[in-house]
Amino acid sequence: MKGVPFTREIPPDHLFTSANHKEAAARLEYSVQHRQFCLLTGEAGMGKSTAVRALVHQLDPIHYRYLYLCDSSLTPKLFYREVLQCFGIQPAFRSTEAKRQYQSLMLDIYENEKKIPVIILDEAHHFSESMLQELRFILNFREDSMSPLSLIIVGQQSLRNQLKVKHLEAIDQRIQMRYQVVALTEQETAEYIRHQLKAVQTAHDIFSEEAIQAIYTFSQGVPRKINTLCSQSLMDAYLQEKAIVGESHVQRAMNEMG
């Protein structure tokens, strides 16, 4: 191998794309191009951050300026400060003035620089109610008649339910694009494992069909679980000086993982 497979460090242009992830990528790209408010959800380990990485990788700096924030304790005040600082502006001390700075900045990037600002907020299922409420004002420009930016919020499935409550209905109604990332199928799991090995130039298939089937049964197609189980199985086969990862190696790895 020319590298370590089943890690998060694979370059974006070598990422595996299932049918579900291709659709997620297409929806994200459309949302960015048309300055939409997008909601991307999925349970832990499904590959939401991977989809975001792929999106960011293809954003042309000639046409876009982006900011990615991953902070489960993000507050409205911290949001405006982070955005302003990221784009080279010293935030005002007063929150109301910082909001005006933010609005001026977004409009300046869009109208004068001729670029689309893209703001991605991850771990949004942990946001406080005040932060969720603030999304409405983050998108409010010129009496709510236009939006110069694309806002993408990313979180677990529970975020969808949070936004369905009555007092957050105004936020939920503003979402123009939404997509749920789901697990890989059994066939995609096999393709994913082979893709990961090919990405590090493995000479041949080293997981038996039985091993792959066992991995899918245990992981249920969740990429993060697949990565962990494959890494553990590879190590077990290596320590036993075996050229092929078999079902027994996967079983021992599963026992280690509980």
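*Asks:* Break down the sheet that holds strand β3 (residues 116–122) for me, citing the residues and quoting the values.
*Replies:* Pairing within the open sheet is parallel, and its five strands lie in the order β2-β3-β4-β1-β5. Looking at strand neighbours, the two that pair on one side only are β2 (64–70) and β5 (177–180), the edges of this open sheet. Strand-to-strand twist of the sheet, defined as the mean angle between neighbouring strand axes without regard to direction, takes the value 15°. As paired elements, strand β1 (residues 37–41) and β5 share four bridges and run parallel to each other. Residue threonine 41 lies in a different strand from β5, and its bridge partner there is glutamine 180. Along the sheet, helix α4 (residues 95–111) contacts β2 and β3; its crossing angle with β3, the most-contacted strand, is approximately 130°. Against the sheet, helix α5 (residues 129–138) contacts β1, β3 and β4 (150–155), and its axis sits at roughly 165° relative to β4.

*Asks:* Tell me about the packing of aromatic side chains, and name the residues and values.
*Replies:* In total, this model carries six aromatic pairs according to the counting rule given. Ring centres of phenylalanine 79 and tyrosine 80 lie 5.2 Å apart, and the angle between their planes is 75°; on these two criteria the pair is classed as edge-to-face. With a relative accessible area of 0%, phenylalanine 79 lands in the buried category. Ring plane angle 45° and centroid distance 6.0 Å describe the contact between tyrosine 102 and phenylalanine 141, whose orientation is recorded as tilted. In this pair, tyrosine 102 sits in helix α4 while phenylalanine 141 sits in the loop between α5 and β4, placing the two residues 39 residues apart along the sequence.

Scoring rules and cut-offs
Residues numbered from 1 in each chain as written. Predicted model: local features only at pLDDT ≥ 70, side-chain atom pairs only at ≥ 80, totals over all residues. Heavy atoms only, no water. Pairing = 2+ DSSP bridges. Helix = DSSP H or I, 4+ residues; strand = E, 2+ residues; numbered from the N terminus. Axes fitted to C-alpha atoms, helices over the stretch in contact; angles between N-to-C directions. Contact = heavy atoms within 4.5 Å. Phe/Tyr/Trp six-rings, centres within 6.5 Å; stacked < 30°, edge-to-face > 60°. Buried < 20%, exposed > 50% of the residue type's maximum accessible area, 1.4 Å probe, protein only.

Worth remembering: the numbers are spatial, not functional.
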